[in-house]
Amino acid sequence: MMFSRCTVIAALAVTAFLPAAPFFIDRSYELQPSREYCELAKQYSRVHYGIDSAALTVPRIIAIHMTECGTMDQTLAQFNHPRLTGRREIEHGGQWNVGSHFIVDANGTIFSFIPLEYMARHIIGLNHTAVGIENIAANNEALTEAQLFANVQLVLYLKSVRPSITHVIGHHEYTDTFRTHYRLMRMLDEQYRPHYRGDPGERFMRLLREGLSLHGLDLFD
């Protein structure tokens, strides 16, 4: 991320006292979950969470991710089908494909992908209670200031429409047993364990939390 922390926090502080800007979510790529998607999600949910449903009814967590690919086309090529392909490290956990509720492009455009009413496979042990936000970037250093601002606005929006949300975490934090979100972790399959992920990184999450705090929102991690 090639931007100054001081510049970002100063800008976020100013926006906290301005009238709310128009908030737009682009729904041009929004998935309408197929019967196959829902059946695979239910199968995964039964095995891993003991829940016979594909619904995300009471989300508690927002999980922030980074795609590790640099374009929307590459991201959609991975997400835009119900069955998992090319992810051998997690295929033993089930054939339901990975995906996310929102995708944020480098210019800050927010796209809805999986409707909030449905679970998405994006974070082992927490999919039953987590809303996923994917930021398009090849690596953590490529995340942009525009994405940071968009993530702040999106988290504020999600908290307003899903007041059950109490936590915001980075993907790199999800295996940390000392963080309060970990008590929500559910893993019924003993052969399927979380593994460390490095996205979106400490700096992005620190700035995101500082931005949320400036807007009066402090969520647990």
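Higher on the page you've got the structure.
Residues numbered from 1 in each chain as written. Predicted model: local features only at pLDDT ≥ 70, side-chain atom pairs only at ≥ 80, totals over all residues. Heavy atoms only, no water.

S.K.: Describe the pairing of strand β1 (residues 61-66), listing the residues and the values that go with them.
M.R.: Of all 6 residues in β1, 6 are buried, a share of seventy percent or more. Going residue by residue along β1, you find Ile61, Ala63 and His65 tucked away on one face and Ile62, Ile64 and Met66 tucked away on the opposite face as well. In the sheet, β1 pairs with strand β4 (residues 130-135) via 6 bridges, with the strands oriented parallel. Its bridge partner being in β4, Ala63 is matched across the sheet by Gly132. Of the strand pairs in this sheet, β1 and strand β5 (residues 167-170) are connected by 4 bridges, and their pairing is parallel. Following the sheet pairing, Ile61 is matched in β5 by His167. (Buried < 20%, exposed > 50% of the residue type's maximum accessible area, 1.4 Å probe, protein only. Helix = DSSP H or I, 4+ residues; strand = E, 2+ residues; numbered from the N terminus. Pairing = 2+ DSSP bridges.)

S.K.: Please give an account of the sheet that holds β1 that cites residues and values.
M.R.: In space, the 5 strands of this open sheet follow the order β3-β2-β4-β1-β5, with mixed pairing throughout. At either end of the open sheet lies a strand with only one pairing partner, and these are β3 (110-112) and β5. Neighbour-to-neighbour, the strand axes of this sheet turn through a mean angle of 20°, independent of strand direction. With 3 bridges connecting them, strand β2 (residues 102-104) and β3 associate as antiparallel partners. Its bridge partner being in β3, Ile103 is matched across the sheet by Phe111. The sheet contacts of helix α5 (residues 202-214) involve β1, β4 and β5, and relative to β5 the element is tilted by about 155°. (Axes fitted to C-alpha atoms, helices over the stretch in contact; angles between N-to-C directions. Contact = heavy atoms within 4.5 Å.)

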